[in-house]
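An overview of the molecular structure
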Amino acid sequence: MPQKTDVIVLGGGIVGASTAYALVNKGKSVRLVDQYQAGHKRGSSHGDGRVVRFNYTEAIYVEMAMHAYKAWDDLSSRVGDPLIKRTGLLEYGPVGDESIQLSERILQDYDIPYEPLSVEQARERFPQYAFPDEGEIIYQPDGAVALATSAVKALWQLFEADGGILQPNTRITQIDIGDTVTLTTASGETLEADSLVITAGGWAIKLAQQTGLTLPLDVTQEILAYFPPKEDATANHHVGTMPVMLDNFKLPDSDAPFYCLPMIDVQGVKMGWHHSGVAMDADEERRIVPEIVAELKNWQARRFPQLQNEPIQVDTCLYTNTPDYHFVLDRHPAHNNVVIGAGFSGHGFKFGPLLGEILASLLIGEASPVNLETFSIARFQDEASLEKRVGA
């Protein structure tokens, strides 16, 4: 039987890896268990980049971003290579767009630098984009990308170097909780710890059910496509020059905004249609949805004059969504030795190192760096009163 540890962290994506890393550096013996390897493509923590930003419609996420930027820089210093790269961020939409107005107000409240731009100014400064004659545009210079797969792999390596126990390729089939926690693997092995942290993305639903907890989560598969520059392109589409964009010009009968990241590793601009995906079980085979790819191609044709219209790569990613698109960061209501981080709804990666600190603090009884009321499990007792987030 493997040695008993203080904590088992179940799920090794960005949140689980960050939590395991934080706990081992707080003096705990920790086992990080994942059914795949670091950076695998079946979950939510892979790819060359994820958006990091201050632009939010809720103050709590701006406060979290303030902590997260520092956490990313600290992690980069430890690794010796940047895991976050500033590139700027454009938030763009119809005149009077609610998301932009809320975001602008909060940036002002927290004294975070940004610039309102006219269409003419945006066209001159950012020739990578095509802007219609009317629109509302703000530019935030600290917009950035986190290097997704690289960050997860680095956290696994640092965790192990600091004394943590890695256990990849291990699927958990049973969870028993008493004074201690016992996990049974698909091969019949048992793993024991005093405490458990569940950070398993799309698999958190089934795992939480094994602890007697039903969380109102749903899983969607999202589509991402990378569009390369035309041969005669004159604009620079690389990270550091081309800003991230959030486009709030939405299609009729859709609440889903479009977004893009500049070129990082893949030699194409990464485009997505936020919350446009199809519902699926996390264990289902991934599938490319032609209708979503077609809408990404249509968006490319509308907004990116110097890119080719055929993607060079199409990927999938899972979103695990709560009814209000806020996270779950809380202790299990029936088991004091179980903490759950879930429902990151397509906007959690940017906070990864901070989320690890939060969950580690929850588990060992330290004060959280931010107020966690928004992320409580108790809020689901009255789902009818929940309101979805306004912005992306």
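One can find the structure itself at the top, above this paragraph.
So, here is what we can say about the structure in this document. In this text the structure is predicted, and so the values were computed from the model without any measurement.

1. Structural notes on the pattern of salt bridges
Where charged atoms from two side chains of opposite charge come close, those side chains can pair. Tallied over the full model, the rule gives 16 salt bridges. A salt bridge links lysine 26 to glutamate 357, with the shortest nitrogen-to-oxygen separation between them at 3.8 Å. Of the two residues, lysine 26 is situated in the loop between helix H1 (14–24) and strand S2 (30–33) and glutamate 357 in helix H8 (residues 352–364); the sequence distance between them amounts to 331 residues. For glutamate 58, the salt bridge is made with arginine 389, and the minimal N-O distance between the two is 3.1 Å. Of this pair, glutamate 58 sits in the loop between strand S3 (50–52) and helix H2 (59–79) while arginine 389 sits in the segment after H8, placing them 331 residues apart in sequence. Owing to a relative accessible area of 15%, glutamate 58 belongs among the buried residues under this scheme. Taking relative accessible area as the criterion, arginine 389 reaches 8% and is therefore assigned buried. Here the residues in one salt-bridge network are Arg171, Lys206, Asp281 and Asp283, joined through shared partners.

2. Looking at the packing of aromatic side chains
Going through the model one piece at a time under the given rule, you end up with 19 aromatic pairs. Relative to phenylalanine 351, the ring of phenylalanine 327 has its centre 6.0 Å away and its plane inclined at 65°; by these criteria the two rings are edge-to-face. Remark: phenylalanine 351 occurs in the loop between strand S20 (338–342) and H8 and phenylalanine 327 occurs in the loop between strand S18 (313–321) and strand S19 (328–331); sequence separation between them is 24 residues. Comparing phenylalanine 327 with phenylalanine 351 shows no difference in burial state: the two are buried. Grouping aromatic residues by their ring pairs yields a cluster made of Tyr92, Tyr129, Phe131, Phe249, Phe258, Trp273, Trp299 and Phe304. The ring of phenylalanine 349 carries the charged tip of arginine 50 above its face, separated from the ring centre by 5.6 Å. Between the NZ or CZ atom of arginine 53 and the centre of the ring of tyrosine 56, over which it lies, the distance is 4.1 Å.

3. Comments concerning the nonpolar core
Ranked by size, the top nonpolar core spans 60 residues in total, and within it Met64, Trp72, Phe327, Leu329, Phe351 and Leu355 carry the most contacts. Those elements that place two or more of their residues in this core are strand S1 (5–10), H1, S2, H2, helix H3 (98–109), strand S8 (144–146), helix H5 (148–161) and H8. If you tally residues by element for this core, the top one is H2, at nine residues. Here leucine 329 is in contact with Ile340, Gly341, Phe344, Leu355, Ile358, Leu359, Leu362, Leu372 and Phe375, once residues within four sequence places are set aside.

4. Side note on the sheet that holds S8
The sheet built from three strands is open, its strands ordered S3-S8-S4 with antiparallel pairing. The open sheet has two edge strands with one neighbour each: S3 and strand S4 (84–86). On average, adjacent strands in this sheet sit at an angle of 30° to one another, irrespective of strand direction. Where S4 and S8 come together, three bridges link them in antiparallel fashion. Following the sheet pairing, arginine 86 is matched in S8 by alanine 144. Sitting on the sheet, H2 touches S3, S4 and S8, and the angle it makes with S4 is about 120°.

5. Re the packing of H2 against H5
In contact at an axis separation of 11 Å, H2 and H5 are set at 65° when each is read in the N-to-C sense. Of the two elements, H2 crosses H5, and the hand of that crossing is left-handed. On H5, the residues touching Trp72, Leu75, Arg78 and Val79 of H2 are Ala151, Ala154, Leu155 and Leu158. Of the residues belonging to the contact of H2 with H5, the class tally is seven nonpolar, no polar and one charged.

6. A short note on the environment of tyrosine 129
Looking at the element boundaries, tyrosine 129 is found in the loop between helix H4 (119–125) and strand S7 (136–140). Looking at tyrosine 129, the relative accessible area reads 3%, which means it is buried. Expressed as a C-alpha distance, the spacing of tyrosine 129 and glycine 356, which sit 227 residues apart in the sequence, is 36 Å. Contact partners of tyrosine 129, with chain neighbours within four places excluded, come to Leu90, Met242, Pro243, Val244, Met245, Cys260, Arg303, Phe304 and Pro305. Looking at tyrosine 129, its side chain comes within polar contact range of the main-chain oxygen of proline 243, at 2.5 Å.

7. With respect to the pairing of S1
Most of S1 sits inside the fold, with five of its six residues counted as buried. In terms of strand pairing, S1 meets strand S12 (residues 190–198) through five bridges, oriented parallel. Bridge pairing links valine 9 to valine 197 in S12. For S1 and S2, the ladder comprises four bridges, and the chain directions are parallel. Bridge pairing in S2 places isoleucine 8 opposite arginine 31. Crossover S1 to S2 through H1 is right-handed.

8. A few points about the pairing of S12
Two strands pair when backbone bridges link them, and strand S11 (residues 181–185) and S12 are joined in this way by four bridges, in the antiparallel orientation. Bridge pairing links threonine 184 to threonine 190 in S12. Note that S12 and S20 share three bridges and pair parallel. Counterpart to leucine 196 in the pairing with S20 is valine 338.

The rules behind these values
Residues numbered from 1 in each chain as written. Predicted model: local features only at pLDDT ≥ 70, side-chain atom pairs only at ≥ 80, totals over all residues. Heavy atoms only, no water. Salt bridge = Lys/Arg side-chain N within 4 Å of Asp/Glu carboxyl O. Helix = DSSP H or I, 4+ residues; strand = E, 2+ residues; numbered from the N terminus. Buried < 20%, exposed > 50% of the residue type's maximum accessible area, 1.4 Å probe, protein only. Phe/Tyr/Trp six-rings, centres within 6.5 Å; stacked < 30°, edge-to-face > 60°. Lys NZ or Arg CZ within 6 Å of the ring centre and 35° of its normal. Core = buried A, V, L, I, M, F, W, Y, C linked by side-chain atoms within 4.5 Å. Contact = heavy atoms within 4.5 Å. Pairing = 2+ DSSP bridges. Axes fitted to C-alpha atoms, helices over the stretch in contact; angles between N-to-C directions. Left-handed = near helix turned anticlockwise from the far one by under 90°. Nonpolar A, V, L, I, M, F, W, Y, C, P; charged D, E, K, R; others polar. Polar contact = N/O pair within 3.5 Å; in protein donor to acceptor, adjacent residues only side chain to side chain. Right-handed = clockwise from strand over helix to strand, strands pointing away.

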